[in-house]
Amino acid sequence: MKENDGLFDIKHLRLWRISAQADLFSKIIFVIYVLSALGQIFKYSQTANTQYHTDLLGLFSQNPIFILDLLLQVARVSLQGIVYYLVLKGVGLGLNMIVETDINYREQKVEGGEE
Amino acid sequence: MSEEFRNQIYKELDLRETDALLDIWQSNDRVEWSDIAFDVIKEILGKRIDEIPPQNEPILEHKEESIEDDGLEEWETKLLDDKDQPELYDTLEVLSLKDNINKVANAVIVVYVLIGLLNFQFVRMLFQGTVLSFSGIVQTIPNMLVTLFSIGLQILVLYFPLKALAQILRILMEMEFNSRKAK
């Protein structure tokens, strides 16, 4: 039925590759979002400079709500990064589990055939 | 009545495969299975196999405290304790990922609700030390409704896929575990 006798065939290899790529992308995206979360601080600092003509600490002392605002924006962006990270990681592990399940059943079939 | 009950148990257990009955017989779990059930299993096994293997020490109570200590469910402990571990993924990694997904799903609700609250004008004004009048609050109602809708939508879009992913991972792991047992 199949060209190769091995249990790990080309379809499994494809899924395994996608899984490895998802795992890699999850890490890259996580780093990007951590940087983006830090970028929020820079954005607020720029706003303080251009609109209020002060620095970040000056802005916070003038309007304490900006502290909460900034913290929540950093949390939101970080959370988005974490969500993408977990989803990609989950997809990668899910694909590996599918491959493992299929190989287990194939192994069982081969063993059944030999008997 | 007792005989009728025994016959009912016999019929139900007789439908099970010999391996499954042997597992029950050997595990000797007296909490899960009654004395009558073990009598019946012995009778069925006696008819199916030549020699009935000895039973383990009887289990008279389930040790649930270790499961609670680890924060793992019973099936998760079963997966981790299994000798035949998968080659392509790490069981513990999946379990901790599932756990983290559930935590992040809850964190999403908290963070987005706080963001929503901070977007309400009267909350912002409270932080600035001024209280918005009743008529002022009424005027902001349309804006509040839009904010509520937008935040609710963002929570739904993130919360449900995350919960679904955690369940999918659980089901896939159970399927993989069952395929191992089928080997």
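Residues numbered from 1 in each chain as written. Chains lettered and ligands numbered in written order. Predicted model: local features only at pLDDT ≥ 70, side-chain atom pairs only at ≥ 80, totals over all residues. Heavy atoms only, no water.

1. Some words on the interface of chain B and chain A
Much of the literature gives interface size as the accessible area that the parts lose upon coming together.
Link 1 in the chain: Of the residues lining the interface, 32 residues belong to chain B; the matching set on chain A comes to 31 residues.
Link 2 in the chain: Buried area between chain B and chain A, summed over both chains or domains, comes out near 2,900 Å², and the portion from carbon and sulfur atoms is 76%.
Link 3 in the chain: Between B:Glu93 and A:Lys89 there is a salt bridge; the shortest N-O distance is 3.7 Å.
Link 4 in the chain: There are six residue pairs in polar contact (both at pLDDT 80 or more) connecting chain B and chain A.
Link 5 in the chain: Counting residues per element, the ones that place at least two in the side of chain B that touches chain A are helix H6 (91-119), helix H7 (121-127) and helix H9 (141-181) of chain B.
Link 6 in the chain: Sort the elements by how many residues they give to the side of chain B that touches chain A and H6(B) lands first, with 13 residues.
Link 7 in the chain: Looking at the side of chain B that touches chain A residue by residue, the classes come out as 23 nonpolar, three polar and six charged. (Contact = heavy atoms within 4.5 Å. Buried area = accessible area lost by both parts, 1.4 Å probe. Salt bridge = Lys/Arg side-chain N within 4 Å of Asp/Glu carboxyl O. Polar contact = N/O pair within 3.5 Å; in protein donor to acceptor, adjacent residues only side chain to side chain. Helix = DSSP H or I, 4+ residues; strand = E, 2+ residues; numbered from the N terminus. Nonpolar A, V, L, I, M, F, W, Y, C, P; charged D, E, K, R; others polar.)

2. Description of the side chain of A:Asn104
Link 1 in the chain: Mapping A:Asn104 onto the fold places it in helix H3 (residues 65-114).
Link 2 in the chain: Accessibility expressed as a relative area gives 2% for A:Asn104, which makes it buried.
Link 3 in the chain: In terms of polar contacts, A:Asn104 uses its side chain to reach the side chain of B:Glu176, at 2.9 Å. (Buried < 20%, exposed > 50% of the residue type's maximum accessible area, 1.4 Å probe, protein only.)

3. Brief notes about the pattern of salt bridges
Link 1 in the chain: Taken as a whole and judged by the stated rule, the model has 15 salt bridges over all chains.
Link 2 in the chain: Note that A:Asp69 and B:Arg124 form a salt bridge whose closest N and O atoms lie 3.1 Å from each other. One end of the pair, A:Asp69, is in helix H3; the other, B:Arg124, is in helix H7, on a second chain.
Link 3 in the chain: Across the pair B:Asp82 and B:Arg180 runs a salt bridge whose closest N-O atoms are separated by 3.1 Å. One end of the pair, B:Asp82, is in the loop between helix H5 (74-81) and H6; the other, B:Arg180, is in helix H9, and 98 residues separate them in sequence.
Link 4 in the chain: With relative accessibility at 25%, the residue B:Asp82 sits in the partly exposed group.
Link 5 in the chain: In this structure, a network of salt bridges that share partners links the residues A:Asp23, A:Lys27, A:Lys89 and B:Glu93.

4. Section: the packing of aromatic side chains
Link 1 in the chain: Within this structure, the stated rule accounts for seven aromatic pairs over all chains.
Link 2 in the chain: Ring plane angle 70 degrees and centroid distance 6.3 Å describe the contact between A:Tyr44 and A:Phe66, whose orientation is recorded as edge-to-face. With a gap of 22 residues between them, A:Tyr44 in helix H1 (residues 10-51) and A:Phe66 in helix H3 connect regions that are remote in the sequence. By the burial criterion, A:Tyr44 is buried, and A:Phe66 matches it.
Link 3 in the chain: When the ring centre of B:Phe38 is taken as origin, the NZ or CZ atom of B:Arg30, which lies over that ring, is 4.1 Å away. (Phe/Tyr/Trp six-rings, centres within 6.5 Å; stacked < 30°, edge-to-face > 60°. Lys NZ or Arg CZ within 6 Å of the ring centre and 35° of its normal.)

5. Description of the environment of B:Asp23
Residue and element names in this part refer to chain B.
Link 1 in the chain: Topologically, Asp23 is positioned in helix H2 (residues 18-27).
Link 2 in the chain: Using a relative accessible area of 53% as the deciding quantity, one classes Asp23 as exposed.
Link 3 in the chain: With 32 residues separating them along the chain, Asp23 and Gln55 place their C-alpha atoms 9.6 Å apart.

6. Here we look at the nonpolar core
Link 1 in the chain: Counting residues in each nonpolar core, the largest one holds 32 residues, and the members touching the most others are B:Ile101, B:Val108 and B:Met173.
Link 2 in the chain: Taken together, the elements giving at least two residues each to this core come down to H3 of chain A together with H5, H6 and H9 of chain B.
Link 3 in the chain: Aside from chain neighbours lying at most four places away, what touches B:Val108 is A:Leu79, A:Val83, B:Ile155, B:Leu158 and B:Leu162.
Link 4 in the chain: Ranked by size, the runner-up nonpolar core spans 14 residues in total, among them B:Trp25, B:Trp33, B:Val40 and B:Ile44. (Core = buried A, V, L, I, M, F, W, Y, C linked by side-chain atoms within 4.5 Å.)

7. Looking at the environment of B:Asp29
Residue and element names in this part refer to chain B.
Link 1 in the chain: By secondary structure assignment, the location of Asp29 is in the loop between H2 and helix H3 (35-48).
Link 2 in the chain: Taking the C-alpha atoms as reference points, Asp29 and Met125, separated by 96 residues in sequence, lie 64 Å from one another.
Link 3 in the chain: Looking at Asp29, its side chain comes within polar contact range of the main-chain nitrogen of Val31, at 3.0 Å.

8. Overview of the packing of H2(B) against H3(B)
All names here are of chain B.
Link 1 in the chain: Across the interface, H2 lies against H3 with an axial gap of 10 Å and an inter-helix angle of 135 degrees. One way to sum up the angle between H2 and H3 is to call them oblique. In the crossing of H2 with H3, the sense of the turn from one axis to the other is left-handed. On H3, the residues touching Thr18, Leu21, Leu22, Ile24 and Trp25 of H2 are Phe38, Ile41, Lys42, Ile44, Leu45 and Arg48.
Link 2 in the chain: Taken together, the residues of the contact of H2 with H3 break down into eight nonpolar, one polar and two charged. (Axes fitted to C-alpha atoms, helices over the stretch in contact; angles between N-to-C directions. Parallel < 35°, antiparallel > 145°, perpendicular 65-115°, else oblique. Left-handed = near helix turned anticlockwise from the far one by under 90°.)

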